[in-house]
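Results of the structural survey
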Amino acid sequence: MDLHDFRRQYQSKGLNRKSLDNSPFLQFERWMNEIVELDTSDPTAMILATVEGSQPTQRIVLLKQFDESGFVFFTNRLSAKGRQMATNKAVSLHFPWHFVNRQVIIQGTVELLTRDEDIAYFHARPKASQWGARASKQSEKLSSRQELLDRYENEKRLYPNDVPAPDYWGGYRVVPSIIEFWEGGEDRLHNRFTYERQQSVDPRWSIQRLSP
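Okay, so let's go over this structure. The shown structure was predicted, so the numbers you read here are calculated from the model rather than taken from an experiment.

**A closer look at the overall build of the protein chain**
What the protein chain contains, in helices and strands, is six helices and nine strands. By principal-axis analysis of the C-alpha atoms, the protein chain measures approximately 55 × 45 × 30 Å. Expressed as a percentage of its 212 residues, the buried residues of the protein chain come to 38%. Counting contacts in the protein chain only where the partners sit at least 6 residues apart, residues at least 24 apart contribute 63% of the total. For the protein chain, the accessible area works out to roughly 12,300 Å², and carbon and sulfur atoms hold 49% of it. Here the protein chain contributes 29 positively and 28 negatively charged side chains, and the mean placements of these two sets differ by 3 Å.

**Digging into the packing of aromatic side chains**
For the coordinates displayed, the defined rule picks out 16 aromatic pairs. For the ring pair F25 and W205, a centre distance of 5.8 Å and an interplane angle of 80° mean the geometry is edge-to-face. Of this pair, F25 sits in helix α2 (residues 24-37) while W205 sits in strand β9 (residues 204-210); the two residues are 180 residues apart in sequence, bridging distant segments of the chain. Here F25 matches W205 in class, with each residue buried. Ring pairs connect the aromatic residues F25, F28, F66, F71, F95, W97 and W205, which therefore count as one cluster. Its guanidinium or amino end placed over the ring of Y172, R77 lies 5.4 Å from that ring's centre, counting from NZ or CZ.

**A word on the side chain of R77**
Within the fold, R77 resides in the loop between β4 (70-76) and α3 (80-87). If we ignore the near neighbours within four places in the chain, the residues touching R77 are G82, R83, L112, L113, D118, Y168, G170, G171 and Y172.

Each value, and the rule that gives it
Residues numbered from 1 in each chain as written. Predicted model: local features only at pLDDT ≥ 70, side-chain atom pairs only at ≥ 80, totals over all residues. Heavy atoms only, no water. Helix = DSSP H or I, 4+ residues; strand = E, 2+ residues; numbered from the N terminus. Buried < 20%, exposed > 50% of the residue type's maximum accessible area, 1.4 Å probe, protein only. Contact = heavy atoms within 4.5 Å. Areas by Shrake-Rupley, 256 points an atom, 1.4 Å probe, with all protein chains shown as cover. Lys, Arg positive; Asp, Glu negative; His and termini not counted. Charge placed at Lys NZ, Arg CZ, Asp CG, Glu CD. Phe/Tyr/Trp six-rings, centres within 6.5 Å; stacked < 30°, edge-to-face > 60°. Lys NZ or Arg CZ within 6 Å of the ring centre and 35° of its normal.

This is how it looks when you write it as structure tokens:
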């Protein structure tokens, strides 16, 4: 399916309360599956926003898995974002699927994955990515690109077969409190719906349409 066919098939219907799933995770899965079917570049790319003091910063990371417990990504925990999340667990995720006039915004807090989960995923990555994770002192200053390339070649020499997972590298789960689904509409009359987690013994989600 190309983008023109997608817009004609899905967006002509318009997002509405009856078409929304009661679970934001199932609704997200539905949209993600539709994006993946379009065979676009990096459909799982998402913008991660963190805050240090009063200054927010953003960068793109890749969603690796999700379920009703949250949305998972991996990174160097000594990086700028890792340090920021260590002191302020509040984060936001943004999936900018502007090419089909859709976006998803997630607000929540982060929690660390277990070490076993970190190691399992690290060894599931291509070996070149494993060497790269060890070679990069993420967010630190480099004297030159050659310095980085030399570190990378050194990791390849040290670990030609089994590459140890660095203790500073691992996964985060974003546990959402609010998830917004946005769909562009004609004359800027967009469709916006939020799912907000209700704090109770049996957590449920309230769904609310927002003005564009």
